[in-house]
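This is what each chain is made of:
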Amino acid sequence: MATRGRKTNGEEAIELIALLPWWVALLLALASYLVFHALARLPPVVVARPDQFTPAMIRSVVVATALVLQFVAPIVCLAAALVSAGRRFKRSQLVARVASSDVAGVLDGMTWQDFELLVGEAFRLQGFAVEERGGAAADGDVDLVLRRDGQRYFVQCKQWKVLQIGVQVVRELYGVVSAHGAAG
């Protein structure tokens, strides 16, 4: 049973798989079913001599585990596919809302989490592979890691209501870029 604020292994697995595109999670669900179903159908080993007992027990444990995982693993992958598809839909809705808005302050009403999603999606639309690193708190070191043409770039999102950011913020980000060997 999960305690408040802590995730179970199943929830962690769903979050990890949900980082993949939804269609990859669906393929993973199918592959996991096929693999575990094949393992669950392994014929039992007949123990004729004492030295065959250990391999027979190992096979029995594998078959019993596969019997359960042939259903559990695909369900976890399908749940992750739904989470991934939901995130993709949310991103496309954010882009559509901002693109179709006539209001100059459309970004002002957005949460910092939605702002990071929007910036990441804008880079995706420009052909970058985007890894979202934003955490549970605002203003982490690196919010997005962009990759294109073998180059890696770091992005720190700032949704400030002012026109300027301090030079210290830029220096800190430049230090992270330099320390990790990113292109920019």
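Residues numbered from 1 in each chain as written. Predicted model: local features only at pLDDT ≥ 70, side-chain atom pairs only at ≥ 80, totals over all residues. Heavy atoms only, no water.

A few words on unusual backbone geometry. Even without being a glycine, D149 presents a positive backbone phi close to 55°. By the element assignment, D149 lies in the loop between β2 (144-148) and β3 (151-155). By relative accessible area, which is 72% here, D149 ends up exposed. (Helix = DSSP H or I, 4+ residues; strand = E, 2+ residues; numbered from the N terminus. Buried < 20%, exposed > 50% of the residue type's maximum accessible area, 1.4 Å probe, protein only.)

This model, assessed by the stated rule, comprises nine salt bridges. Among the ionic pairs, E132 bridges to R91, the shortest N-O distance being 2.7 Å. Of the two residues, E132 is situated in strand β1 (residues 129-132) and R91 in helix α3 (residues 53-100); the sequence distance between them amounts to 41 residues. Between R124 and E121 there is a salt bridge, with the nearest N and O atoms lying 3.3 Å from each other. Placement of both R124 and E121 in helix α4 (residues 112-125) is noted, with a separation of three residues, approximately one turn of the helix. Each of R88, R91, E121, R124 and E132 takes part in a single network of salt bridges with overlapping partners. (Salt bridge = Lys/Arg side-chain N within 4 Å of Asp/Glu carboxyl O.)

So, on to the layout of surface pockets. Estimated volume of the largest pocket: approximately 620 Å³. Lining the largest pocket we find 24 residues, and of these L19, R87, R91, L117 and E132 sit closest to its centre. Of all the secondary-structure elements, those providing two or more residues to the lining of the largest pocket are α2 (22-40), α3, α4 and β1. (1 Å grid on protein atoms, 1.4 Å probe; cavity = no way out; pocket = protein on both sides within 12 Å on 5 of 7 lines; lining within 4 Å. Points joined across faces, edges and corners; volume = space filled by probe spheres on them.)

This part takes up the sheet that holds β3. Taken in spatial order, the three strands make up an open sheet running β1-β2-β3, and their pairing is antiparallel. Two strands bound the open sheet, and with one partner strand each, they are β1 and β3. Each adjacent strand pair in this sheet contributes to an overall mean axis angle of 20°, direction not counted. Pairing of β2 with β3, which is carried by five bridges, proceeds in the antiparallel orientation. Note on β3: the bridge partner recorded for V145 is F154. (Pairing = 2+ DSSP bridges. Axes fitted to C-alpha atoms, helices over the stretch in contact; angles between N-to-C directions.)

This is a description of form; function is not addressed.
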